[in-house]
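# Fold and geometry: a report
Below, each chain spelled out in residue letters.
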Amino acid sequence: MQASILQPSPDQFPNNEQQTPTMPDCFTQKFVEHLNRTFNGPQLAAIQWAAMHTAAGTNSGTTKRQEPWPFTLVQGPPGTGKTHTVWGMLNVIHLVQYQHYYNSLLKSLAPESYKQANEGSSDNVPTGSIDEVLQSMDQSLFRTLPKLCPKPRMLVCAPSNAATDELLARVLDRGFIDGEMRIYKPDVARVGVDSQSRAAQAVSVERRTEQLLAMSKEEAIAWLHKLRNSEAQFSHEIAEVQMKLNNAAAAIRSQGSVGVDPDVLMARDQARDALLKQLAQAVENRDKVLVELSRILIAEARFRAGNNFNLEEARASLEASYANEAEIVFTTVSSSGRKLFSRLTHGFDMVVIDEAAQASEVAVLPPLSLGAARCVLVGDPQQLPATVISKAAGTLLYSRSLFERFQQAGCPTMLLSVQYRMHPQIRDFPSRYFYQGRLTDSENIAKLPDEAYYKDPLLRPYLFYDVMHGRESHRGGSVSYQNMHEAHICLRLYEHLQKTLKSLGVGKVSVGIITPYKLQLKCLQHEFEEVLNSEEGKDIYINTVDAFQGQERDVIIMSCVRASGHGVGFVADIRRMNVALTRARRSCWILGNANALGQSDDWAALIADAKERNCYMDMDSVPKDFLVSKGPAYTPLPGKSSFNARGVRSSGLRHRLTDLHQESRSGLASEEDENKSGSLVIPRNGNFRSPKFPMDSSLNDMNQAGDRSRDAWNHGIPKKQSYLGPVGKRDY
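We now turn to the structure provided with this report. (Residues numbered from 1 in each chain as written. Predicted model: local features only at pLDDT ≥ 70, side-chain atom pairs only at ≥ 80, totals over all residues. Heavy atoms only, no water.)

### Digging into the overall build of the protein chain
For clarity, the cut-off: Working definition: helices are DSSP H or I runs of at least four residues, strands are E runs of at least two. Numbering for both runs from the N terminus. A 1.4 Å probe rolled over the protein chains alone gives each residue an accessible area, and that area as a share of the maximum for its type sets the label: buried under 20%, exposed over 50%, partly exposed in between. Only heavy atoms enter the contact rule, under which two residues are in contact if any of them lie within 4.5 Å. The Shrake-Rupley method, run with a 1.4 Å probe, gives the accessible areas here. Residue values count only the displayed protein chains as cover.
Within the protein chain one finds 29 helices and 17 strands. Taken across its 732 residues, the protein chain has 56% of its residues classed as buried. Put simply, 81% of the contacts in the protein chain that link residues at least 6 apart link residues at least 24 apart. For the protein chain, the exposed area adds up to about 30800 Å²; of that, 51% sits on carbon and sulfur atoms.

### Looking at the nonpolar core
To be explicit about the condition: To form a nonpolar core, buried Ala, Val, Leu, Ile, Met, Phe, Trp, Tyr and Cys residues must be joined to one another through side-chain atoms within 4.5 Å. Each domain span listed reflects an automatic or database assignment of domains.
Judged by nonpolar contacts, the single largest core of 45 residues is most densely connected at F71, F341, I353 and L377. Mapping this core onto the domain boundaries places at least three of its residues in each of domain 1 (37-57 + 67-109 + 152-186 + 332-416) and domain 2 (210-326). Setting aside residues up to four positions removed in sequence, F341 forms contacts with L155, V191, V329, T331, S335, S336, F348 and L370.

### Thoughts on the pattern of salt bridges
For side chains of opposite charge, pairing can occur when their charged atoms come near one another. This is how it is decided: Salt bridge, as used here: a side-chain nitrogen of Lys or Arg that lies within 4 Å of a carboxyl oxygen of Asp or Glu.
According to the stated counting rule, one finds 32 salt bridges in the structure shown. Residue D539 pairs with K508 through a salt bridge whose shortest N-O separation is 3.8 Å. Residue D539 is located in the loop between α22 (529-532) and β14 (540-544), and its partner K508 is located in the loop between α20 (484-504) and β13 (511-515); the two are separated by 31 residues in the primary sequence. For D539, a relative accessible area of 28% gives the class partly exposed. According to the relative accessible area criterion, K508 is exposed, its value standing at 66%. Each of the salt bridges in this network shares a partner with another, and the network as a whole consists of R421, E552, D554 and R585.

### Quick look at the sheet that holds strand β16 (residues 584-592)
Rules: Should DSSP find at least two bridges between two strands, the strands are regarded as paired. Under this scheme, a helix contributes an axis fitted over its contacting stretch, all axes are lines through C-alpha atoms, and angles between N-to-C directions fall in the 0 to 180 degree range.
The strand order β14-β13-β15-β16-β12-β17 describes an open sheet built from six strands, whose pairing is parallel. Two strands in the sheet have a free side with no partner beyond their single neighbour: β14 and β17 (616-618). When strand polarity is set aside, the average angle formed by the axes of neighbouring strands in this sheet is 20 degrees. Both strand β15 (residues 553-559) and β16 contribute to a ladder of six bridges, which runs parallel. From the neighbouring strand, M558 faces β16, where its bridge partner is I590. Its contacts with the sheet place helix α18 (residues 424-434) against β12 (462-466) and β16, and it is angled at close to 65 degrees to β16.

### What to know about the sheet that holds strand β6 (residues 328-332)
Across the sheet, seven strands lie side by side as β5-β6-β2-β7-β8-β1-β9; this open sheet has parallel pairing. Each having just a single partner strand, β5 (188-190) and β9 (414-415) make up the two edges of the open sheet. Here strand β2 (residues 154-158) pairs with strand β7 (residues 350-353) via four bridges, running parallel. Residue V156 lies in a different strand from β7, and its bridge partner there is V352.

### Describing helix α26 (residues 601-612)
Turn by turn, an α-helix covers 3.6 residues, leaving residues three or four places apart pointing in a common direction. How we decide: Helix span, expected: 1.5 Å multiplied by one less than the number of residues in the helix. Here, the arc refers to the directions that run from the helix axis to the C-beta atoms.
Taking 1.5 Å as the rise per residue, α26 with twelve residues should run 16 Å; its terminal C-alpha atoms sit 16 Å apart, in good agreement. Taken residue by residue, α26 has D602, W603, L606, I607, D609 and A610 as its buried positions. Projected down its long axis, α26 carries its buried residues within an arc of 160 degrees, all on one side. Phi turns positive, to about 60 degrees, at N614, one or two residues after α26.

### Concerning unusual backbone geometry
In the Ramachandran plot, V561 falls in the positive-phi region, its phi being about 80 degrees despite a non-glycine side chain. Topologically, V561 is positioned in the loop between β15 and α24 (574-581). Residue class for V561 comes out buried when judged on its relative accessible area of 0%. Phi at N614 is positive, roughly 60 degrees, even though this residue is not glycine. Take N614: it is sitting in the loop between α26 and β17.

### Thoughts on the packing of aromatic side chains
Under the convention used in this document: Any pair of Phe, Tyr and Trp rings, taking the six-membered ring for Trp, is counted once the centres come within 6.5 Å. Such a pair is stacked with planes under 30 degrees apart, edge-to-face with planes over 60 apart, and tilted for the rest. Placement of a positive charge over a ring is assigned whenever Lys NZ or Arg CZ falls within 6 Å of the ring centre and within 35 degrees of the normal to the ring plane.
A complete count under the given rule lists 19 aromatic pairs for this structure. Note on W69 and F71: the rings are 5.5 Å apart at their centroids and 55 degrees apart in plane angle, and the pair reads as tilted. F71 shares its class with W69; the two are buried. Here the aromatic rings of Y98 and Y101 are separated by 5.5 Å at their centres, their planes lie at 70 degrees, and the arrangement is edge-to-face. You can see Y98 and its partner Y101 sitting in helix α5 (residues 82-109), three residues apart, about one turn around the helix. For the pair shown, Y98 and Y101 are each scored as buried. Among the aromatic side chains, those forming a connected cluster through ring pairs are F13, W69, F71 and F406. We note R174 situated over the ring of W87; from NZ or CZ to the ring centre the distance is 4.8 Å.

### A word on the packing of helix α11 (residues 205-213) against helix α14 (residues 311-325)
Inclusion rule: By the definition adopted for this analysis, an angle is roughly parallel if under 35 degrees, roughly antiparallel if over 145, roughly perpendicular if from 65 to 115, and oblique otherwise. The crossing is said to be left-handed when, going from far helix to near helix, the turn is anticlockwise and less than a right angle, and right-handed when the turn is clockwise. Residue polarity is assigned by list, with Asp, Glu, Lys and Arg as charged and Ala, Val, Leu, Ile, Met, Phe, Trp, Tyr, Cys and Pro as nonpolar; anything else, Gly included, falls into the polar class.
Here α11 crosses α14 at 130 degrees, and the two axes come no closer than 9 Å. Considered as vectors, α11 and α14 are oriented oblique to each other. At the point where α11 passes α14, the crossing takes the right-handed sense. Between α11 and α14, the residues in contact are V205, E206, R208, T209, E210, L212 and L213 and L311, R315, L318, E319, Y322 and A323, respectively. Here the residues of the contact of α11 with α14 sort into seven nonpolar, one polar and five charged.

### Side note on a nonpolar patch on the surface
Put simply, the rule reads: Each patch is built from residues lacking any salt bridge and having more than 30% relative accessible area; the joining distance is 9 Å for like charges and 5 Å for nonpolar side chains (Val, Leu, Ile, Met, Phe, Trp, Tyr).
There is a patch of nonpolar side chains on the surface, built from V362, L365 and Y398 and spanning about 240 Å² of accessible area. Note on placement: V362 falls in the loop between β7 and α15 (365-368). Here V362 falls in the partly exposed class, since its relative accessible area comes to 43%.

### Section: the pairing of β13
With five of its five residues buried, β13 lies for the most part within the structure. Of the two faces of β13, both are covered, the one formed by V511, I513 and T515 as well as the one formed by G512 and I514. Pairing of β13 with β14 involves five bridges; the strand directions are parallel. Within the sheet, the bridge partner assigned to I513 lies in β14 and is I542. With four bridges connecting them, β13 and β15 associate as parallel partners. Residue pairing across strands places V511 opposite V555, the latter belonging to β15.

### Re the state of the cysteines
Throughout this description, disulfide means a covalent bond between two cysteine sulfur atoms. What counts here: In what follows, a disulfide is any cysteine sulfur pair within 2.5 Å.
Summed over the entire model, instances satisfying the criterion amount to zero disulfides. Between C588, a free cysteine, and C560, which holds the nearest cysteine sulfur, the sulfur-to-sulfur gap is 9.4 Å. According to the relative accessible area criterion, C588 is buried, its value standing at 1%.

In C-alpha cells:
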C-alpha cells in the first residue's frame, strides 16, 4: 500500500470499464437477488467491486500480487445515496471476510482423519487440530481462535464525528444480511469520546470501560461467577460435539467411500459439516466468555488486598480489549492515530474511509498505517474539501485529498450516477457542469408530479433572480459582506411562497435560506426575525453554504450577495457553487446580481444556462407589489419575542448539535482571503485557470476587529498549480 500511495501508476489501476465485477462465490442466489432489489446499477457496481477487492485481499499471496492496486474509489455526488451504498459495502465486505474466515477455521478445527477414510489412526492428534485447541483453551485465559485462524477486522473512518456516527447508526439500526437472508448484528466498537449520539455511546470503548471500572466488588464477583458457569457450559458443549465428530470419523473410516451411494456420501458430509459449524460456534462463544472474564479480572484487581492497581493502565488495557475484539471499529480519521490502536494485538484487513475528499492526504495516513491491505475511499472532490489553517500548507496543496490525487493520476472511479434528491430542472446544470452530464434521475424523482405552486411563474422549480439594484457592503470592522436588498427579497419570496401554499391548501414545506457570507447570514436573521419567532419558523433554516453541506430542504433560497465590479471573491469557487445548487429537493431559487456574478466564468455559464432554459427572472419584470410586505400573520412562539433569542436559535442552538460535528469542512478561500489575491477560480475537473479579475481593494486591513477572531482560517492561493486548496472556516 505504501508504494501505491507514494507512486500511483496507471499500470496498477484496474480497468473498471472493461472488466465486469463478479459476485463472490460465497454469495447465495437469495443474497444476490436482495442486492439487486436494494441497490441501483451504479451502487451495485461499486459494491461488487468492493466485494471482489475484498475477496482478493483474503486469498493467497499470489492473488495479492496479481491484484496490486489496493484502493477502490467511489464518488458520491449529492443525493445519490452514498451512505446507503457504504452500508451495503460494509455488509458485503463483512460477509466475504467472514465466509473466508469460517472456511479457514473449519479446515483448522477438523483433523484430516475426520474427512479421509484412509488417513491413519484417530489416536494421533494432528497439529492444529481441535484436540490441541481444547487443550490450549483449558490451560489459559488467553485468546485461542486467533492462534488457530486470525479473525478479519475492518476499520471505518470519516473526517467528522457526525459522518462516522451516521454510518455507525445505519449499521446498528439495520444490521447486516447474511447469505440466507437473515439479519445479524456484527460486533462493533466506537473509538472516540467526542461522539454525542446514543448509538455511538452504546458501543463506545471508553463508555464501556468506565462502566466496567465503576462496578462494585459484589457486582464484579457475581459477574465472574456467571461467566465461569457460561465457560463450563460451552466447554461441555465442545466436548459433546468433539465426541460426535470422533464417532462420525470412526464410522467413515469403517464404511469407506468405495461403493457407497452418492446420496449417502453427501448426507454424511453434510452432517459432518453441520457438526463442524456447531463446534466453531461453540469455540467462538467460549472464547468471547474468556475474553470478558479477563476484563472482569482486570477491573476486579483493584479490590484485592496488597495489589498495586494502576487505574490508567487498567483503563488503557480495557479500551484496547474492546477495540481488539470488535469485527468493525468506527472512529474518525484523527482518532485512528490514538495510542489505543498501537496496543491492539492485530491490525485491520480493510479500511473504509467515508467523506474521503474532505480529509487532507496527511489526515488519512493514520488509518492506512494500521496494517490493512485494502482500502475503499468514498467521497466527492466536486464538493467542499478539507479545512486547512496554514497559508504555507495551502500553497503546498496540503488540503488536497488522497482521493483527488488518485483521480488526477488517472485512477478509475466508480460514480454513483442516479440521484434521488433534486427535481430534474435543478439537477440539470450541476450534472452537466460538475459531473460531465452523467447524473440521471431515479424513477421516483422522474415520476413525481409537479408541485401545485409551480404554476406561479415566480415559484418555478429552478430560477435565477437577477437582483440588479442591490448593493454589497461591510459592517463595522468585518471583512465579510452583506446585501440588504437581497435579504429583503429573500423574505418577500418566502412570504409569497407561504401565501401561495395557503391559498392552494398545500401543506408545509421545509425551506433553507443559504448564503456564502456570515454577515449576510446575520442580515437574513434580522430580516426574518418575525418569521423565526413564530410557529412557521420551525420549518425554516438559515445558515451559510458551508454549514449546509450534507443537508437538504424542499426549497432553497440562495443569496449570492456580491454586486460590484470588483470581482465576486470566494463565491466564484465552483465547489461551493455545487454545494449550494444541490441542496434543494423541489425548488431552488438563486438571488444574485447577474452583471457582478458574470465576472466569474462559472457563474456566467450558470446565468447563460438559466436564460437559455427560460429560468432567468429579471427583477424589473416582477410585479411591483411583490416587494411590498404582505406578510401573513405569524403565530408567535410562547416567550419568543426578541430577535436575539430566536436569532441564535435559527443559526445556532436549533441545529447546533449537527453543526458542531460538521464544523467547517471547506478547504476553500475564506472571507478573509478575499483581500489577499485575485479572484478565485476553481476548476470544474481539476484544471486550474488563472485568476482574471481584480479583487476588492476595500479589504485591506486584516487587523480589524469583528468576527475574524474566530474565522482566521486562511492561507494563500497557489498561482500555478493544478489544484486550489485555500481554506476558510466560517461557521460557528
